[in-house]
Amino acid sequence: MNTRKIEILVGLFVALGVAAFAVLALKVANSGISGNGETYTLNAKFENIGSLKTRAPIKVGGVVIGRVDGISIHPQEFVPVVAMSIDASYECQFSDTSSVSILTSGILGEQYLGISPVIASDSAKQKCLGNEVTGSSDSELEDLFGVESRALKNGDLITDTKSALVLEELIGQFLFNQGSE
């Protein structure tokens, strides 16, 4: 009878260990049992994406605001197009003049997308949300510079991008330049 209780306790302990390992594996993989909530999609074209992978983080100032949803080739231009899935609370917050860079954490670490945001004006946010905008100080600035700023919404394309620095290409350029001297 006593050995039966010990066997049940050991079995329970092993089951808890397996469950803890599964939770740890999900946390390390940056996925969860439930969804992450509402998102919207932005796209960006790059000349070279290096070793950027799907599910790579998208960060603003080091804070993760989304994930890379997919990577494809533009059918006419034959350049990589990255689809970014961003938390819906940031929809209509960034201006179309924001830029996206492919960055590396550490010397040989994983690559991620870094957004250098330009905050959209209040009138651009209201237009993006579908609200009527009447005479604001923001529109006076836009008239002065002759450029109308837009807020980014679902499906928009970010045009200001900075491609990945590929270490092999940099070494090759260095060696080629050293050989010509």
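Residues numbered from 1 in each chain as written. Predicted model: local features only at pLDDT ≥ 70, side-chain atom pairs only at ≥ 80, totals over all residues. Heavy atoms only, no water.

You'll find the protein chain entered in an unreviewed UniProt entry as Outer membrane lipid asymmetry maintenance protein MlaD, with Pseudoalteromonas byunsanensis given as the organism.

### As for the overall build of the protein chain
The helix and strand tally for the protein chain stands at four helices and eight strands. For the protein chain, the N- to C-terminal ordering of α and β elements is α-β-β-β-β-β-β-α-α-β-β-α. Looking at the 181 residues of the protein chain, the share that counts as buried comes to 28%. The long-range share in the protein chain, meaning contacts at least 24 apart out of those at least 6 apart in sequence, stands at 65%. Of the accessible surface of the protein chain, which amounts to about 12200 Å², a share of 59% is contributed by carbon and sulfur atoms. (Helix = DSSP H or I, 4+ residues; strand = E, 2+ residues; numbered from the N terminus. Buried < 20%, exposed > 50% of the residue type's maximum accessible area, 1.4 Å probe, protein only. Contact = heavy atoms within 4.5 Å. Areas by Shrake-Rupley, 256 points an atom, 1.4 Å probe, with all protein chains shown as cover.)

### What to know about unusual backbone geometry
Although it is not a glycine, Arg55 sits at a positive phi angle of roughly 75°. By the secondary structure assignment, Arg55 is in the loop between β1 (39–45) and β2 (57–60). Given the relative accessible area of 40%, Arg55 is considered partly exposed. Positioned with a positive phi, Phe78 is a non-glycine residue whose angle comes to about 55°. One can find Phe78 in the loop between β3 (63–73) and β4 (80–87).

### Describing the nonpolar core
Residues Phe46, Leu52, Ile58, Val82, Met84, Ile86 and Leu113 are the most contacted members of the largest nonpolar core, which totals 21 residues. At the level of elements, β1, β3, β4, β5 (99–104) and β6 (111–116) are the ones that each hand at least two residues to this core. Counting residues in hydrophobic clusters, the runner-up holds five residues, among them Cys92, Ala124, Cys128 and Ala151. (Core = buried A, V, L, I, M, F, W, Y, C linked by side-chain atoms within 4.5 Å.)

### Focus on the environment of Val166
Examined against the element boundaries, Val166 turns out to sit in the loop between β8 (160–162) and α4 (167–179). A sequence separation of 116 residues divides Val166 from Gly50, and the C-alpha atoms of the two residues are 6.0 Å apart.

### Some thoughts on the sheet that holds β3
On the basis of which strands lie adjacent, the open sheet formed by eight strands has the order β7-β1-β4-β3-β2-β6-β5-β8 and mixed pairing. Single-partner strands in this sheet number two, and they are β7 (157–158) and β8. (Pairing = 2+ DSSP bridges.)

### Details of the packing of aromatic side chains
Under the definition given, this model contains one aromatic pair. One residue, Lys59, lies across the ring of Tyr112, its end atom 4.6 Å from the ring centre. (Phe/Tyr/Trp six-rings, centres within 6.5 Å; stacked < 30°, edge-to-face > 60°. Lys NZ or Arg CZ within 6 Å of the ring centre and 35° of its normal.)

### Some thoughts on the environment of Tyr40
Within the element layout of this structure, Tyr40 appears in strand β1. In this structure, the C-alpha to C-alpha distance between Tyr40 and Gly66, residues 26 residues apart in sequence, is 9.3 Å. Among all residues touching Tyr40, those that are not within four sequence positions of it are Met84, Ser85, Ile86, Asp87, Ala88, Tyr90, Glu91, Phe94, Leu152, Lys153 and Asn154. Among the polar contacts listed, one links the side chain of Tyr40 to the backbone oxygen of Tyr90, at a separation of 3.2 Å. (Polar contact = N/O pair within 3.5 Å; in protein donor to acceptor, adjacent residues only side chain to side chain.)

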